[in-house]
Amino acid sequence: YAEGEREKAYASACARFQTVISELMEELPLLKSNVCQAHQQPQGDIALSMYNAVQHFSDFGYVTPMAAVAGAIADEILDAMKQAGELKRAYVNNGGDIAIFLSKGTSFETLISRIDGSVIGRITINQTQSIGGLATSGRHGRSMSLGIADSVTVLGRSAALADVSAT
């Protein structure tokens, strides 16, 4: 990294995060409604990202943009970081919903663990794979698995899309 780039990216992430909750609260009723019943698209960047991610699943039944909230926030914070600093590699982990940026020749590695912390797998992602996010959901979290799956980990083009897919 060039001198100060990491610090600029971090400062931008902190600044952007200051407005996230109030921005989402302005559109909360729409974000909590089924996308099949939504009559309008949200206006905010994060809200629109959430809405667009769940559109892919609207034919499966009841799904709201809130299914992508953690991933969409991670994506937005990562975008702020990338705009502020020249980064080679960065990630934003929002409670297990992770937005990833990789430049040429870089990679990201993470472990998949059971609820007790024991490792059950390893994932390595490189920049040629076009993966921008990953998310894990299951019966020990707040997901919608209804007990069907102990855990599901999904890799996607964005953290928002991975989030709703895992949910």
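What counts as what
- Residues numbered from 1 in each chain as written.
- Predicted model: local features only at pLDDT ≥ 70, side-chain atom pairs only at ≥ 80, totals over all residues.
- Heavy atoms only, no water.
- Helix = DSSP H or I, 4+ residues; strand = E, 2+ residues; numbered from the N terminus.
- Buried < 20%, exposed > 50% of the residue type's maximum accessible area, 1.4 Å probe, protein only.
- Contact = heavy atoms within 4.5 Å.
- Pairing = 2+ DSSP bridges.
- Axes fitted to C-alpha atoms, helices over the stretch in contact; angles between N-to-C directions.
- Core = buried A, V, L, I, M, F, W, Y, C linked by side-chain atoms within 4.5 Å.

The next subject is the side chain of Arg16. Looking at where Arg16 falls in the secondary structure, it is placed in helix 1 (residues 5-17). Residue Arg16 is classed as buried on the basis of its relative accessible area, which comes to 15%. Those residues in contact with Arg16, other than ones at most four positions away along the chain, are Glu23, Ile46, Glu76, Ile77 and Ala80.

To continue, consider the pairing of strand 4 (residues 119-126). On a regular strand, each side chain points to the face opposite its neighbour's, so the side chains alternate between the two faces of the sheet. Two elements, strand 3 (residues 107-113) and strand 4, share 7 bridges in a ladder whose sense is antiparallel. The residue of strand 4 that forms the bridge with Ile112 is Gly121. Hairpin connection, strand 3 to strand 4: the antiparallel pair is bridged by 5 residues, and Gly117 has positive phi, about 95°.

Below, the discussion takes up the sheet that holds strand 2 (residues 97-102). Pairing in this open sheet of 4 strands is antiparallel, and the strands run 1-2-5-6 from one edge to the other. The two strands at the open ends of the sheet, each matched to only one other strand, are strand 1 (89-94) and strand 6 (152-156). Taken pair by pair, the neighbouring strands of this sheet meet at an average axis angle of 15°, ignoring direction. Of the strands in this sheet, strand 1 and strand 2 touch helix 5 (residues 69-84), which is tilted by about 150° from strand 1. Packed onto the sheet, helix 6 (residues 159-166) meets strand 2, strand 5 (133-137) and strand 6 and runs at close to 20° relative to strand 5.

Below, the discussion takes up the side chain of Thr64. Its place among the elements puts Thr64 in the loop between helix 4 (45-55) and helix 5. Judged by relative accessible area, which is 12%, Thr64 ranks as buried. If sequence neighbours within four positions are ignored, Thr64 has contacts with Leu31, Lys32, Ser33, Asn34 and Val54.

Moving on, we get to the nonpolar core. Grouped together as the largest cluster of nonpolar side chains are 29 residues, with contacts concentrated most on Leu24, Met81 and Val164. Of all the secondary-structure elements, those providing two or more residues to this core are helix 1, helix 2 (20-25), helix 4, helix 5, strand 1 and helix 6. When near neighbours in sequence (up to four residues on either side) are disregarded, Leu24 contacts Leu31, Ile46, Ala47, Met50, Val69 and Ile73. The next biggest cluster of nonpolar side chains, apart from the first, holds 8 residues, and it includes Leu102, Phe108, Ile123 and Ile131.

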